[in-house]
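Breakdown of the fold
These are the residues of each chain, in order.
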Amino acid sequence: MVKDEQTNSECVPPRFALSIVIPVYNGASSIAELVGALEEILIEGGHEIVLVNDGSPDNSPEVCTALIDKARVPITLVSLTRNYGEHNAVMAGLRHASGAHVITMDDDLQNPPEEVQRLLEFAQRSGREVIYTYYDDKRHAPWRNIGSHFTNRVADFVLEKPAGFYLSSFRCMSAFVVREITRYEGPFPYIDGLILQVTHDIDRLLVRHLPRANGQSNYTLRRLLRLWMSMFVNFSVMPLRVSTITGFVLSALGAVAGTMVVAEALFSRPPAGWASLMAAVLLLSGVQLLILGIVGEYLGRLYLTVNGKPQSVIKEVRRSQSPPSAEAPPPVLLREPAEA
């Protein structure tokens, strides 16, 4: 096992045909089985596995270290100092990936390892920059499926996502796209938003989705809300536009209501109206606080970004000493890096 410092793979030709990036959080019970299955896959041009320990409180670091010691394909373990969240962890892993294509997947075995080869072959055959996967039977909890459906519908408008594409964490990207999205160094990454800023040259592939083998999902309602805010605020000014439109609409309604009140006072006896007045005050106060909250969210994130809040902090990087197969031909760089 050899220790290595953080690297920058920008403008470096890919060493492998495929890199598989897996964020690991409370994955001690499943990561060994997943890595073992991925090591069995035969990829022309070779493949590597990049594990990112996202501050797991269980014994995932020890399990991942043991996997490096007996690796049959090149494995890189990136250890973060604490839990930063899935997208931050994936960004750290992407910066250490050196494949012509990069597949990201979770550590929970809900995406069958054999689908990795299908996904890579489809990406190579189609020539598309990004391939998203989707499921005919999504085996998540109902509340999470509802949340994912809502997030994808919002993304249609906020991120200008092509309609019908499901933003799955099991995706394949070209080295070009990976190179471009890892230029982002802000503390609130949302990988799908970054991808859609770089390219709309995307396609999708139907894959199987299995029930979770062990434990329960690490995504809580709070984590999903935080992820949704990153998508909604970081990559669009749509919330501010909605706030502006809401202000115009309420102002127009207020003008109409004011005219009606004056007319009623001049030509008839006005009712007491205390209840309706309080309802209007509460409505307008709530809308004002909501708009102030949205503006405050933008300002707060801008403040943290300007003050250098890190996207993640890497404690150490370990690489296995297993070389790629000598019989595997070198990968082919399909596209020259874009000029900065």
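Residues numbered from 1 in each chain as written. Predicted model: local features only at pLDDT ≥ 70, side-chain atom pairs only at ≥ 80, totals over all residues. Heavy atoms only, no water.

Quick notes on the overall build of the protein chain
- Regarding its fold elements, the protein chain presents 10 helices and 9 strands.
- Relative to its full complement of 340 residues, the protein chain shows a buried share of 46%.
- Taking the contacts inside the protein chain whose residues are at least 6 apart along the sequence as the reference set, 87% of them involve residues at least 24 apart.
- Of the roughly 17,800 Å² of accessible surface on the protein chain, a fraction of 60% belongs to carbon and sulfur atoms. (Helix = DSSP H or I, 4+ residues; strand = E, 2+ residues; numbered from the N terminus. Buried < 20%, exposed > 50% of the residue type's maximum accessible area, 1.4 Å probe, protein only. Contact = heavy atoms within 4.5 Å. Areas by Shrake-Rupley, 256 points an atom, 1.4 Å probe, with all protein chains shown as cover.)

Brief notes about the nonpolar core
- Core analysis: the largest hydrophobic core is formed by 37 residues, its most contacted members being I22, I31, L38, L51 and V116.
- Those elements giving two or more residues to this core turn out to be β2 (16–24), α1 (31–40), β3 (47–53), α2 (60–69), β4 (75–80), α4 (114–126), β6 (130–135) and β8 (202–207).
- Core analysis: the second largest hydrophobic core is formed by 31 residues, A89, L159, L167 and I195 among them. (Core = buried A, V, L, I, M, F, W, Y, C linked by side-chain atoms within 4.5 Å.)

Quick notes on the packing of aromatic side chains
- Counting across every chain of the model gives 1 aromatic pair.
- Summarising the aromatic geometry, the rings of Y135 and Y166 are spaced 6.0 Å apart at their centres and angled 65° between planes, so their arrangement reads as edge-to-face. With Y135 in strand β6 and Y166 in the loop between α5 (142–158) and β7 (171–174), this pair connects stretches of sequence that are 31 residues apart. Across this residue pair, the class does not change: Y135 and Y166 are buried.
- Of note, R204 hangs over the ring of Y134, and the distance from its end group to the ring centre comes to 4.2 Å. (Phe/Tyr/Trp six-rings, centres within 6.5 Å; stacked < 30°, edge-to-face > 60°. Lys NZ or Arg CZ within 6 Å of the ring centre and 35° of its normal.)

Observations regarding helix α7 (residues 191–198)
- Burial analysis of α7 places 6 of its 8 residues in the buried class, which makes it a mostly covered element.
- Taken together, the buried positions of α7 are occupied by I191, D192, G193, L194, I195 and L196.
- Its buried side turned inward, α7 meets α3 (86–94), β6, β7, α6 (175–181) and β8.

Side note on the environment of I31
- As for its position among the elements, I31 is in helix α1.
- Between the alpha carbons of I31 and D106 there is a distance of 9.4 Å; along the sequence they are 75 residues apart.
- Aside from chain neighbours lying at most four places away, what touches I31 is I22, V24, L51, V63, C64, L67 and D107.

Concerning unusual backbone geometry
- Positive phi is not limited to glycine here, since N26 has a value of about 55°.
- N26 gets classed as partly exposed once you look at its relative accessible area, which sits at 28%.
- Backbone geometry at L109 places phi at a positive 65°, although glycine is not the residue there.
- Locating L109 in the fold gives a position in the loop between β5 (99–104) and α4.
- Owing to a relative accessible area of 10%, L109 belongs among the buried residues under this scheme.

A look at the pairing of β4
- In terms of burial, β4 is largely enclosed, as 6 of its 6 residues are buried.
- Neither face of β4 is exposed, since I75, L77 and S79 on one face and T76, V78 and L80 on the opposite face are all buried.
- Pairing of β3 with β4, which is carried by 5 bridges, proceeds in the parallel orientation. When the sheet's bridge partners are listed, N53 is paired in β4 with S79. (Pairing = 2+ DSSP bridges.)

A closer look at the packing of α1 against α2
- α2 packs onto α1 with a crossing angle of 25° between their chain directions and a minimal axis gap of 10 Å. Between α1 and α2, the crossing angle belongs to the class labelled roughly parallel. For the pair α1 and α2, the crossing hand works out as right-handed. Where α1 approaches α2, its residues I31, A32 and V35 are matched on the opposing element by V63, C64 and L67.
- Here the residues of the contact of α1 with α2 are counted per class, giving 6 nonpolar, no polar and no charged. (Axes fitted to C-alpha atoms, helices over the stretch in contact; angles between N-to-C directions. Parallel < 35°, antiparallel > 145°, perpendicular 65-115°, else oblique. Left-handed = near helix turned anticlockwise from the far one by under 90°. Nonpolar A, V, L, I, M, F, W, Y, C, P; charged D, E, K, R; others polar.)

Observations concerning α1
- Of the positions making up α1, those classed as buried are I31, L34, V35, G36, L38 and E39.
- Residues of α1 that are buried in the fold lie against β2, β3, α2, β4 and α4.

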